Every structure is written in C-alpha cells, then in structure tokens.
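Structural description and commentary
Residue-level listing of the chains:
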Amino acid sequence: MTSLLCITIISLTLAASAYSYVLSSPPPVTVQVIAELGANVTLPCQLLSMDTMSFGSIGMKIKWTKVADDEALNEDVLLSMGFHKKTYGSFEDRVFLEEKDNEDASLVITDISMDDTGKYRCEVINGVEDTIQEITLVVQGGLIDGVVFPYSPHFGRYNMNFDEAVQACEEQDAVVASYDQLLEAWKRGMDWCNAGWLNDGTVQYPINKPREPCGGSNNGPGLRTYGRQDKNQSRYDVFCYASALKGRFYWLVQPDRLTFDEAVQACLDDGAEIAKVGHIYAAWKLEGYDRCDAGWLADGSVRYPISRPRKNCSPTEAAVRFTGFPDKMQKSSGVYCYKQ
C-alpha cells in the first residue's frame, strides 16, 4: 500500500511538473524584416510546440498587434479565432494569415507604406501553450532608405555657409541631402518654409501647402529654389539625410529631469551615448518611434517624436517636435540615448 501511494505521489509530481512546463511561455523571439515601399511582405510567426491542433480549430486564437513604445497606444492588426477573422484600422482588408501549414501564423501585409514601419507582435494561444514572437518591419523605397530633415543650429536660422552646413549634418550622424532625396521627401508630404543647403550647392525648400510667406499662394506645390549660392558668403539652414539606424534609439527612464551634462552622463552610465538629431528622425520616420516626452539631444536641443498625433502630443501631424535649445544648466528635460 505504501509502495502504491509513493508511486501515485511521484506520478502526480511528474504530471504537475510537465503541466507547469507546458504552460510556461518561451521568451519572445525577435526578427527583422525589410520590405520595399508598395510591395507585399510576410511577417513570420510559427507555433513553437509540436501540438497538432490546426489553426482553424475551435479554441485556437491568433492575435497580431503593432507595438508602440507606450503599450496603451498599441494598434490591433488582426484577430483570428477558429474560422472567424477580423482586421482593424489602416490594416483592414490589407492583411491576412498565410497559413501554409498547421503551425504557420505568419501575417501577409499588402501595399506596404512607410507608416507600416515598426514592431509587430504575434501571439498564438491554443489553450495549452502560448507562443509570442516579435518582428520589426523596416520599409525602404524609392530614393530614400533614410529620412530627410531640416536643421538649424542653436545660434539661429540662416546662419550657416555651405561648409558649416556639411559639418552640422555630420555632427548629427547625417549628410547633406541631395536634390533627389529632398524631392522624394516632398512627394511623401514634407512641407518646410525655411530654405536650406543641398549637397549640390543649391538652396531649396519643399512646399506642399502653398501660402504667402513661403513662395506665394499662387504658386503650386513643389520645391522652391534659390538656385546655386555662394558657398562661402551665403548663409542658410540645411537639409540633412540620415540613414536607417544601426543601433537602438530609446528614452532613458530617469526619476527626475536632468541638466544637459547630467543627460550626457546618464546615457554613458547606461552604456550608450546621448542621441543625435539624425537618430531621432530615423527612429521616428523609419521605425515608427513615438513618445510624448521631451528629451535632450547631443546638440543641446530638446525634441520628441510623435508617429501617432494626439491631444497634447502634436495633435495635427506626425512630426519630430522641437521645443528649443534650453539653458543647459537647468533641469528641464529627460534624455534620449543611442546604443550601437
């Protein structure tokens, strides 16, 4: 009897251990997928167990989400429960499950746009074991595999000759933009009323909403040009071009606001460097980075990136918001860091 009881206890212990093992979810698997603008792309997701239940079976749930830096701002993409499937928002009628086999939950996105750039989460729940995988989608296309952004230094607008403009872009981990890059940025909606140097020595600016102070309201949308200027004597802003990031741009959580020097040191203490303007634009435009917290950058400016416009956070447009060049001695802001 004692022997039978012992065997029973051992069996229950092993069963409980096995059950605990089945319920435990593996850590998220992260991969990167690169897609061309306007093409179709497949974001891979595979059930990690050998469970034979079909994705069409009752009880199987597949959920795809576009993940924001703030979890409260996550976007639903697709939900599948058995034979019932639903798509959401800008993804409606544009996404579907590939379902090559019973363990395939891969998502197909059609007609890719730059707004589709970002991190996606695949969750598969079958009542026994959950699978969570994360995929970063990078959208490239046209003449731009990076981002064009206007730049002026802390001492004000229209204060750089050509060589100073080149140096300013380099200090922001960027280069002076070409005419073709600015033209492509204009086609994608860029509108900026301050003239800036391009790498061919011309000075131009992109207008999508014609208005009197910006070349006149009677002129149509397009690139306004001042032509070639004296590279030594003429002074303007500059349009810089930053490539896709080769590291990680992030907000460094701190208990208090920081001075500029404290911000620099905080990033160093985290094994990183204080982020540059090129980093914040690349993260915003190419990775969909969104955060409504103003932070120090390496040039002494304070900015924050908004991909999803909302009240109190760039309510009318997606943009990198610029709050100025505050006194570096004041504890005015948090900080954005960049880690190679």
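Owing to the predicted nature of the structure, the values given are computational and were not obtained by experimental measurement. (Residues numbered from 1 in each chain as written. Predicted model: local features only at pLDDT ≥ 70, side-chain atom pairs only at ≥ 80, totals over all residues. Heavy atoms only, no water.)

**A short note on the pairing of strand β10 (residues 146–151)**
- Of all 6 residues making up β10, 6 are buried, and the element is well covered by its neighbours.
- Here β10 runs beside strand β15 (residues 237–243); their pairing, made up of 6 bridges, is antiparallel. Residue pairing in the sheet places Y151 in a bridge with V238 of β15. (Buried < 20%, exposed > 50% of the residue type's maximum accessible area, 1.4 Å probe, protein only. Helix = DSSP H or I, 4+ residues; strand = E, 2+ residues; numbered from the N terminus. Pairing = 2+ DSSP bridges.)

**Focus on the nonpolar core**
- Counting residues in each nonpolar core, the largest one holds 75 residues, and the members touching the most others are L43, W64 and L137.
- A total of 7 residues in this core trace back to one element, the largest contributor, which is helix α5 (residues 277–287).
- Formed by 13 residues, the second largest nonpolar core is a distinct cluster that contains L258, F260, A272 and V302. (Core = buried A, V, L, I, M, F, W, Y, C linked by side-chain atoms within 4.5 Å.)

**Observations concerning the environment of M81**
- With respect to the helices and strands, the residue M81 is situated in strand β4 (residues 75–81).
- Separated by 18 residues in the primary sequence, M81 and K63 have C-alpha atoms spaced 8.7 Å apart.
- What M81 contacts, discounting residues up to four positions off in sequence, is M60 and K61. (Contact = heavy atoms within 4.5 Å.)

**Observations concerning the sheet that holds strand β6 (residues 95–97)**
- Within the open sheet, the 3 strands sit side by side as β2-β7-β6. Their pairing is antiparallel. Every other strand in the sheet has two partners, leaving β2 (41–43) and β6 as the edge strands with one partner each. With direction set aside, neighbouring strand axes in the sheet form an average angle of 25°.
- Here 3 bridges tie β2 to strand β7 (residues 107–109), and the two strands are oriented antiparallel to one another. Residue pairing for β7: V41 is matched across the bridge by I109. (Axes fitted to C-alpha atoms, helices over the stretch in contact; angles between N-to-C directions.)

**Description of the confidence of the model for the protein chain**
- On average, residues of the protein chain score 85 in pLDDT, and 85% of them are at 70 or above.
- Note on residues 1–27: pLDDT is under 50 here. Beyond four places in sequence and across chains, it has 8 contacts. (pLDDT = per-residue confidence, 0-100.)

**A short note on the state of the cysteines**
- Within this structure, the stated rule accounts for 5 disulfides.
- Across a sulfur-sulfur distance of 2.0 Å, C45 and C122 are joined as a disulfide pair. Between C45 and C122, the S-S dihedral sits near -75°, and the bridge is therefore left-handed. With a gap of 77 residues between them, C45 in the loop between β2 and β3 (61–67) and C122 in strand β8 (residues 118–125) connect regions that are remote in the sequence.
- Of the residues examined, C45 reaches a relative accessible area of 0% and is grouped as buried.
- Judged by relative accessible area, C122 falls into the buried class, the value being 0%.
- Residue pairing for C267: its cysteine sulfur links by disulfide to C337, the two sulfurs lying 2.0 Å apart. What sets the handedness of the C267 and C337 disulfide is the S-S torsion sign, and at about -85° it is left-handed. Remark: C337 occurs in strand β21 (residues 334–339) and C267 occurs in helix α4 (residues 260–269); sequence separation between them is 70 residues. Considered together, C267 and C337 belong to a single accessibility category, that of buried residues.
- For the protein chain, the bonded cysteines connect in the pattern 1-2, 3-6, 4-5, 7-10, 8-9 when numbered consecutively along the sequence. (Disulfide = S-S within 2.5 Å.)

**Observations regarding the environment of P305**
- Residue placement: P305 occurs in strand β19 (residues 302–306).
- Residue class for P305 comes out buried when judged on its relative accessible area of 0%.
- When the C-alpha atoms of P305 and R291 are compared, they prove to be 5.7 Å apart, with 14 residues separating the residues in sequence.
- In contact with P305, other than residues within four places in its own chain, are I280, W284, Y289, D290, R291, A319, V320 and Y336.

**A word on helix α3 (residues 179–187)**
- Here α3 has its buried residues at Q181, L182, L183, E184, A185 and W186.
- In the core, the buried residues of α3 are packed alongside β10, β13 (202–207), β14 (222–228) and β15.
- G189 sits one or two positions beyond α3 and adopts a positive phi of about 110°.

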